[in-house]
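Notes for the structure review
Residue-level listing of the chains:
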Amino acid sequence: WTVSAWIKPNSFGRNMVFFKNALQIYTNNNPSSSLNAHSLIIRLYKEEGGYETLSTPDSSLSLNDWQHLAVSYSYNEKLMGIYINGKRQL
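Source: prediction; values computed, not measured. (Residues numbered from 1 in each chain as written. Predicted model: local features only at pLDDT ≥ 70, side-chain atom pairs only at ≥ 80, totals over all residues. Heavy atoms only, no water.)

Let us now look at the overall build of the protein. When you go through the protein residue by residue, the secondary structure sums to zero helices and eight strands. Its C-alpha atoms give the protein a radius of gyration of 12 Å, within 12% of the compact-globule value 12 Å for 90 residues. Per-residue burial over the protein gives 37% buried out of 90 residues. Within the protein, contacts between residues at least 6 apart in sequence are counted, and of these 33% link residues at least 24 apart. Summing over all exposed atoms, the protein offers an accessible surface of approximately 5,500 Å²; the carbon and sulfur share of this is 49%. (Helix = DSSP H or I, 4+ residues; strand = E, 2+ residues; numbered from the N terminus. Rg over C-alpha atoms; globule rule 2.2 N^0.38 Å. Buried < 20%, exposed > 50% of the residue type's maximum accessible area, 1.4 Å probe, protein only. Contact = heavy atoms within 4.5 Å. Areas by Shrake-Rupley, 256 points an atom, 1.4 Å probe, with all protein chains shown as cover.)

What follows covers the sheet that holds strand S2 (residues 16-20). Within the open sheet, the four strands sit side by side as S2-S3-S4-S5. Their pairing is antiparallel. The open sheet has two free edges, formed respectively by S2 and strand S5 (51-55), since each of these has just one partner strand. Ignoring which end each strand starts from, the neighbouring axes of this sheet average 15 degrees apart. As defined by bridge partners, strand S4 (residues 39-45) adjoins S5 across five bridges and the pair is classed as antiparallel. Bridge pairing links tyrosine 45 to tyrosine 51 in S5. (Pairing = 2+ DSSP bridges. Axes fitted to C-alpha atoms, helices over the stretch in contact; angles between N-to-C directions.)

Here is the structure:
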């Protein structure tokens, strides 16, 4: 599957971009050991339980600018691709 959208973040923090059952996409301001600052966070809940959280690189998002976002996932291969403005982030 693929989720695609145009986004224009006006602040960082836990601002939800997409929320649907097993998939959450939101902006992040606070870096942690596994998450980057000024990035996009993708949380995918797994069928077998638990979830996987991925973060795009530091400063991969810009404020107050339109950016095209695409998140794709191959169920068979268990691979996710995250693209901002056509550039692969993960």
